[in-house]
Amino acid sequence: MGNVNGADPPHKGQLDALRALFSLQEKDLEIDRLQKEVESLPEELLSVRAQVEALEGKLQDLLERQAELRKEYNRHSLDIEDLTAKEKQAEAEQRQAQSAREQTQYENRIQQIKDRIKELLELSTPLMEAMENLEEEIAQVEAELAGLRPRLEALLEANRERVEALKQEMAKRLEERAAMAQGIPTTVLKEYEAIRRARKGTGVVRMHRQGQVFRCEGCNVVLPTHVAQKVVQGQLVRCPSCGRLLWKGE
Ligand SMILES: [Zn+2]
């Protein structure tokens, strides 16, 4: 904390460096703001995208349900086909039957098969109805999606253009920043960058005079006199409270 450099005043060179650092920070903050803008998507895009995603999820569920129903329906159909063949065979065999007892056995068997077929048909009818309803629902969701997708595409395209423009702005600022950085000693710049990362924003702040006291503009703490003196002299000093570099200002 406190005196980073420890050298004696005056520190004209460091005052210049702090002034330059403060301007550079303004550029950094502009770049931060642009980056935030890049990351924040327009409300309408978010809302339409959420709608499309919800509909896609719903469609997926409906298609899965449809596949299940189809499978069940097909299984019943195959069973019915199989039973019908068995029924025909039993009838043929019944015609060859030698005794009344055998006749009756075949009759019972045929009746059993018929009952089972009837049962399966009764199960198949609601399945058919459910499949028809599902098809309607699927068509409806697909129509809704077809209506929304072009809008989403247009919004995404507009957003790409928006982001592209912002990135060009950022590139310009970054170039300006690089030029500004050349006039600042590397050690000062590195220290500033480390503080800025830790503080998520500002690494250098002005000292603010209020009557007899001096405050740190970063955290508003009243600075001890010996710290304020060093700041005025242009020494590299960090706020004892928030740790930011202090500049005396113009
Ligand atoms: Zn502070």
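Source: prediction; values computed, not measured. (Residues numbered from 1 in each chain as written. Predicted model: local features only at pLDDT ≥ 70, side-chain atom pairs only at ≥ 80, totals over all residues. Heavy atoms only, no water.)

Draft legend 1. Region of interest: the nonpolar core. Among the nonpolar cores identified, the biggest contains 16 residues, and V48, V52, V141 and L145 are the most heavily contacted of them. Only α2 (43-95) and α3 (100-181) provide two or more residues apiece to this core. When sequence neighbours within four positions are dropped, the list of residues in contact with V48 reads L148, R151, L152 and L155. (Core = buried A, V, L, I, M, F, W, Y, C linked by side-chain atoms within 4.5 Å. Buried < 20%, exposed > 50% of the residue type's maximum accessible area, 1.4 Å probe, protein only. Helix = DSSP H or I, 4+ residues; strand = E, 2+ residues; numbered from the N terminus. Contact = heavy atoms within 4.5 Å.)

Draft legend 2. A look at the coordination of the zinc ion. Only C216 (SG), C219 (SG), C239 (SG) and C242 (SG) from the protein reach the zinc ion as donors, at distances of 2.3 Å. For the zinc ion, the four donor atoms in the first shell make angles of 105 to 114° at the metal, a pattern classed as tetrahedral. Each donor residue of the zinc ion lies on the same chain, and together they follow the pattern C-x2-C-x19-C-x2-C. Considered together, C239 and C242 belong to a single accessibility category, that of buried residues. (Donors = N, O, S within 2.8 Å, 3.2 Å for Na, K, Ca; no water. Tetrahedral: all angles 85-135°; square planar, octahedral: opposite > 155°, others 65-115°.)

Draft legend 3. The arrangement of the domain arrangement of the protein in detail. By domain assignment, the protein separates into domain 1 (2-35 + 185-247) and domain 2 (41-170). Measuring from the centre of the C-alpha atoms in domain 1 to the corresponding centre in domain 2 gives 69 Å. (Domains from an automatic or database assignment.)

Draft legend 4. Looking closely at the environment of Y192. Relative to the helices and strands, Y192 is located in helix α4 (residues 186-199). Classification of Y192 as buried rests on a relative accessible area of 0%. It is 5.0 Å that separates the C-alpha atoms of Y192 and G203, two residues lying eleven residues apart in sequence. If sequence neighbours within four positions are ignored, Y192 has contacts with L21, L24, Q25, D28, R177, G203, V204 and L245. At 2.7 Å, the side chain of Y192 and the side chain of D28 are in polar contact. (Polar contact = N/O pair within 3.5 Å; in protein donor to acceptor, adjacent residues only side chain to side chain.)

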